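What follows is each chain in one-letter form.
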Amino acid sequence: MSVNSFERARSLNNKLNCFLDIFEETRAGDAGKISGMTVAVKDVLAVEGKKLTCASKILENFTSLYSATCVERLVSEGAVLVGKTNMDEFAMGSSNENSAFGPVRNPWDLARVPGGSSGGSAVAAAVGAARLALGTDTGGSIRQPAAFTGTIGMKPTYGRISRYGLTAFASSFDTVGTFSRTLEDSANALEVMAGRDPQDATSADVPVQQYSEALKRDVKGLTIGIPMEYFGEGIEPDIREAVEAARAKLERAGCKIAMLSMPHTKYSIADYYILTTAEASSNLARFDGIRYGRRAEGSHSLEETYVRSRNEGFGREVKRRIMLGTYVLSSGYYDAYYGRAQKVRRLITQDFNEAFQVCDALLTPTTPTTAFKFGQKSDPLAMYLSDIFTVSANISGTPAISVPVGLDRDHLPIGAQLMTRSFDESTMFALAKEIIVDVLAKLPSLSE
Ligand code: GLN
């Protein structure tokens, strides 16, 4: 299996551009819980001795001095690392068009985006260039590309997996998670990675569940909430139908259905883009050509070095976010934007708490559309709206998974999203197994 993954990675990368670095194949992996499992790592996570670019020119020549905790835990249980995957620069984007090293292509249709920002990881898992791929999800960057590629995208509860070694975008939203083709691989990997890490003060000291056992659990008697705000206008009919079919499967398995409302959902995109840009503007201050990042040549003062290094090193979307974030934090606007957005965050979290008093899980579409074409969303606001169903779970820290539930009329994968109470990933896995459809069996061959 591991040889196979490396071969797939090398032979398909010209066409798909999903890897920024493919490692030398060394050994079979240590003995352990996931011995021999091949793993691709999003290039926002540190692997000791390897480049860590975040798909940005500013970090083009940066090498990690240590490995992220999640990577270390996987390797110590036998994982074999295949390489680093392409992504939107600093994890900002939904299409992979923001990579400084060219976009990743969707193996279902090379004219379409794989989703973002973890598009390279999604594609690596979809085509079998790795059995597991690590991604990060700040607003949907695992679930949306999973939906677009027919893979399983799992974002655990905020704090479930250590962020040590993850390059911060928006620290109170960032979550490490996985792409895989089977729920077993996803559950086993989470078991290995989850748990308190003294290197990350926000990692939770909550017992780790046996997620792989949950895959055998009966779901009879569980209540599934259907929030009406996630089924409004703008959803493609094929997606609506596929999620309906998933709901029917859960009913047949003995689940009860509860229709409910999460009234603050309509503020989630605005809330997300105020809070995350604020955090990003502060986190990305370290890339200045002095502390971190490529230094611009020929500057005559410190200020000029900062300005030129950042101007040359960052792409358009990253600059846009830094400017937005700086604006919402500036004196005079802080209360009106950042302060209010924090209050809205509370209200959205409250929607989830109330929903989970009447149901055990929420079922929604992952995205309003299937994979779109390159260049189709050139307006940043249109791009931001593709995250409409995923950002709320990051605002509240809720665990969420996207599983493939069918193909649309253009033969493109459809994802359904399940969300559960914090630290109850087990229920999420148990329900996911009832609705999953193995669409990857129908992935067109890429060999020609
Ligand atoms: N697409 C969203 C954004 O651009 C989510 C990114 C992410 O989850 N890293 O911010």
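First things first, this report covers the structure right here in the doc. (Residues numbered from 1 in each chain as written. Predicted model: local features only at pLDDT ≥ 70, side-chain atom pairs only at ≥ 80, totals over all residues. Heavy atoms only, no water.)

## Digging into the pattern of salt bridges
A pair can form between side chains of opposite charge whenever their charged atoms are brought close. What counts is decided by this rule: By definition, a salt bridge exists where a carboxyl oxygen of Asp or Glu is found within 4 Å of a side-chain nitrogen of Lys or Arg. Counting from the N terminus, the helices are DSSP H or I runs at least four residues long and the strands are E runs at least two residues long. Burial classification: accessible surface area is computed with a 1.4 Å probe over protein chains only, and a residue below 20% of its type maximum counts as buried, one above 50% as exposed, and the rest as partly exposed.
Across all of its chains, the model carries 17 salt bridges by this definition. With a shortest N-O distance of 2.9 Å, Lys33 and Glu191 are connected by a salt bridge. Placement of Lys33 in the loop between β1 (19-22) and β2 (38-42) and of Glu191 in helix α5 (residues 183-193) is noted, with a sequence separation of 158 residues between them. Given a relative accessible area of 9%, Glu191 falls into the buried group. Lys84 is the salt-bridge partner of Asp43, the closest N and O atoms lying 2.8 Å from each other. Taken together, the residues Asp43 in the loop between β2 and α2 (69-76) and Lys84 in strand β3 (residues 80-85) connect sequence positions 41 residues apart. Classification of Asp43 by relative accessible area gives buried; the value is 2%. Bridged by salt links that share partners, the residues Glu304, Arg308 and Glu312 form one connected network.

## Points about the nonpolar core
How we decide: The definition of a nonpolar core used throughout is a set of buried Ala, Val, Leu, Ile, Met, Phe, Trp, Tyr and Cys residues joined through side-chain atoms within 4.5 Å. Whether two residues are in contact is decided by their heavy atoms, any of which lying within 4.5 Å being enough.
By size, the foremost hydrophobic cluster in this structure holds 101 residues, and its most contacted members are Leu74, Phe90, Ile401 and Phe429. Looking at which element gives the most residues to this core, the answer is helix α8 (residues 268-283), with seven residues. What Leu74 contacts, discounting residues up to four positions off in sequence, is Ile34, Val39, Ala79, Leu132, Leu134, Ala189, Val192 and Met193. Grouped together as the second largest cluster of nonpolar side chains are 28 residues, Val80, Val104, Ile142 and Leu440 included.

## Quick notes on the packing of aromatic side chains
Condition: The pairing test for Phe, Tyr and Trp rings, Trp by its six-membered ring, is centres within 6.5 Å, and the orientation test on the planes gives stacked under 30 degrees, edge-to-face over 60, and tilted for anything in between. In this scheme, the term charge over a ring applies when either NZ of a lysine or CZ of an arginine sits within 6 Å of the ring centre and within 35 degrees of the ring normal.
A full pass over the atoms with the stated rule returns 16 aromatic pairs. When the ring of Tyr230 is compared with that of Phe389, the centres are 5.5 Å apart and the planes differ by 35°; the resulting orientation is tilted. Taken together, the residues Tyr230 in the loop between β7 (223-227) and α7 (237-252) and Phe389 in the loop between α12 (380-384) and α13 (391-396) connect sequence positions 159 residues apart. Taking relative accessible area as the criterion, Tyr230 reaches 0% and is therefore assigned buried. Judged by relative accessible area, Phe389 falls into the buried class, the value being 6%. Centre to centre, the rings of Tyr327 and Tyr337 are 5.7 Å apart; their planes meet at 45°, and the pair counts as tilted. Here Tyr337 lies in helix α11 (residues 335-358) and Tyr327 lies in helix α10 (residues 316-329), a separation of 10 residues in the sequence. Using a relative accessible area of 38% as the deciding quantity, one classes Tyr327 as partly exposed. Ring pairs connect the aromatic residues Phe62, Phe90, Phe287, Tyr292 and Phe314, which therefore count as one cluster. For the cation-ring pair, Lys50 lies above Phe23, with the distance from its terminal atom to the ring centre recorded as 4.4 Å.

## A short note on empty space enclosed by the protein
The gaps left among the atoms become clear once a water-sized probe is rolled over them. For clarity, the threshold we go by: Using a 1 Å grid laid over the protein atoms alone, points where a 1.4 Å probe fits but cannot get out form a cavity; open sets with protein on both sides within 12 Å along at least 5 of 7 lines form a pocket; any residue with an atom within 4 Å of a point counts as lining. Grid points are joined across faces, edges and corners, and a volume is the space filled by probe spheres set on the points. For this scheme, ten residues count as nonpolar: Ala, Val, Leu, Ile, Met, Phe, Trp, Tyr, Cys and Pro. Four count as charged, namely Asp, Glu, Lys and Arg, and the remainder, Gly too, count as polar.
Counted by the stated rule, this structure contains one cavity of 30 Å³ or more. When its volume is computed, the largest cavity comes out at roughly 80 Å³. In this structure, the largest cavity is lined by 13 residues; those nearest its centre are Gly93, Ser94, Ser141, Tyr272 and Asp387. Tallied by class, residues from the lining of the largest cavity come to four nonpolar, seven polar and two charged.

## Focus: a nonpolar patch on the surface
Which entries qualify depends on this criterion: Exposure above 30% relative accessible area and no salt bridge define the residues that can form patches, which grow by joining like charges within 9 Å and nonpolar side chains of Val, Leu, Ile, Met, Phe, Trp and Tyr within 5 Å. Calculation of accessible area relied on Shrake-Rupley with a 1.4 Å probe; when residues are assessed, cover is drawn exclusively from the protein chains displayed.
Nonpolar side chains collect at one region of the surface, where Ile290, Leu302, Tyr306 and Val307 lie side by side and expose about 340 Å² of accessible area between them. When you line up the elements, Ile290 lands in the loop between α8 and α9 (302-313). Overall, the relative accessible area of 39% leaves Ile290 in the partly exposed class.

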